[in-house]
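Residues per chain are reported as follows:
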Amino acid sequence: MRLFIAVNLPQQVRRGMWEAAESLRARSYPIRWVPPDSLHLTLKFLGEVAAEREEEIVGGIRRAVKGTKPFTLPIAGFGAFPSPVRPRVVWVGCEGVPSLELLQHRVEQEMDRLGFPVEGRPFHPHLTLGRVKRGVKQRTLAGFAADLGPLEYAAEVLVESVDLMQSELMRDGARYTRRRKVELEA
Ligand code: 3AM
C-alpha cells in the first residue's frame, strides 16, 4: 500500500481554505483540486510499503513524536510551487514554525532508520490545494498569478496528533484514508 505521514486539519479549517479559494476555482484553470475533506499537511511520503510493515512504521512515528507537546500551527496565505507565474502546486502556507520543523525532522530521522530515504530537498511545509494537470500549455495559466494574489486565508490549528495515511490512486485523483493516529504527548 502507498503510505505517507501527515498532519490532518480540523474540518472548519479545511472548509475555510476551500471557500477562500472559490474565486480561483471559478476561473477554470487546468488544475486538479484536492477535495476539502482531503486537505492535509504531508510530513513524509513513504511510497509503496508492504502491509506487514505497518506496525514498525507506527513504532517509528511514536518514537518521532516522543517529547513533542501539542503546538499551535499558524497557517496563512496562498502561493504556488515553483512560483505563481509558473504554478504546478497551489498551496496555503505554514512555514517558519519551529515545532513543526522539529517534528518533521524527527519523523524523517526515524523513517530513515526504517529504510525510507531522507528527502534530498528542503522541507517547505504547505497544504496542497491543487495540482496543475500534466502537459498543459503555460498560456492556459495566464492570469493565474494575478488571481492568486488577492486571496487571503489565515487560521491557527492546534496540532495534537500525527497520522499514518494511505493513498489510493483513483482515476479522478488520490483517495486518502487514515490508517493510524499517533497522539502527541500532552
Ligand atoms: O500533500 P502534498 O501535496 O504535500 O505530492 C504528494 C502529497 O504531498 C506526495 O505525498 C503526498 C501524499 O500523496 N508525494 C507523492 N509522491 C511522492 C514522491 N514520489 C510524494 N512526495 C515525494 N515523493
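What comes next concerns the included structure. Given the structure is predicted, the values throughout are model-derived calculations rather than measurements.

**Regarding the nonpolar core**
And step 1. Counting residues in each nonpolar core, the largest one holds 54 residues, and the members touching the most others are Met-17, Ile-57, Leu-73 and Ile-75.
And step 2. Excluding anything up to four places from it in sequence, Ile-57 contacts Leu-3, Leu-46, Val-49, Met-111, Leu-114, Phe-116 and Leu-164.

**What about the environment of Val-107?**
And step 1. Looking at the element boundaries, Val-107 is found in helix H4 (residues 98–113).
And step 2. For Val-107, a relative accessible area of 0% puts it in the buried group.
And step 3. Separated by 47 residues in sequence, Val-107 and Gly-60 place their C-alpha atoms 7.6 Å apart.
And step 4. With residues near it in sequence (within four places) discarded, Val-107 still touches Ile-5, Leu-43, Lys-44 and Ala-64.

**Considering the site of the ligand**
And step 1. Around the ligand, the structure places Arg-2, Phe-4, His-40, Thr-42, Phe-45, Glu-119, Arg-121, His-126, Thr-128, Arg-131 and Tyr-176.
And step 2. At 2.6 Å from an oxygen atom of the ligand is found a side-chain nitrogen or oxygen belonging to Thr-128.
And step 3. Alone, the ligand offers 480 Å² of accessible surface; in the complex the protein occludes 70% of this.
And step 4. Mapped by element, the contributors of at least two residues to the shell around the ligand are strand E1 (2–8), strand E3 (40–48) and strand E6 (126–132).
And step 5. In the shell around the ligand, the residues fall into three nonpolar, four polar and four charged.

**Section: the pairing of E1**
And step 1. Among the seven residues in E1, five count as buried, and that is most of the element.
And step 2. Here seven bridges tie E1 to E3, and the two strands are oriented antiparallel to one another. Within the sheet, the bridge partner assigned to Ile-5 lies in E3 and is Lys-44.
And step 3. Of the pairings in the sheet, the one linking E1 to strand E8 (residues 161–170) comprises four bridges and is antiparallel in character. Note on E8: the bridge partner recorded for Phe-4 is Met-165.

Reading guide: rules and limits
- Residues numbered from 1 in each chain as written.
- Predicted model: local features only at pLDDT ≥ 70, side-chain atom pairs only at ≥ 80, totals over all residues.
- Heavy atoms only, no water.
- Core = buried A, V, L, I, M, F, W, Y, C linked by side-chain atoms within 4.5 Å.
- Buried < 20%, exposed > 50% of the residue type's maximum accessible area, 1.4 Å probe, protein only.
- Contact = heavy atoms within 4.5 Å.
- Helix = DSSP H or I, 4+ residues; strand = E, 2+ residues; numbered from the N terminus.
- Near = heavy atom within 4 Å.
- Polar contact = N/O pair within 3.5 Å; in protein donor to acceptor, adjacent residues only side chain to side chain.
- Areas by Shrake-Rupley, 256 points an atom, 1.4 Å probe, with all protein chains shown as cover.
- Nonpolar A, V, L, I, M, F, W, Y, C, P; charged D, E, K, R; others polar.
- Pairing = 2+ DSSP bridges.

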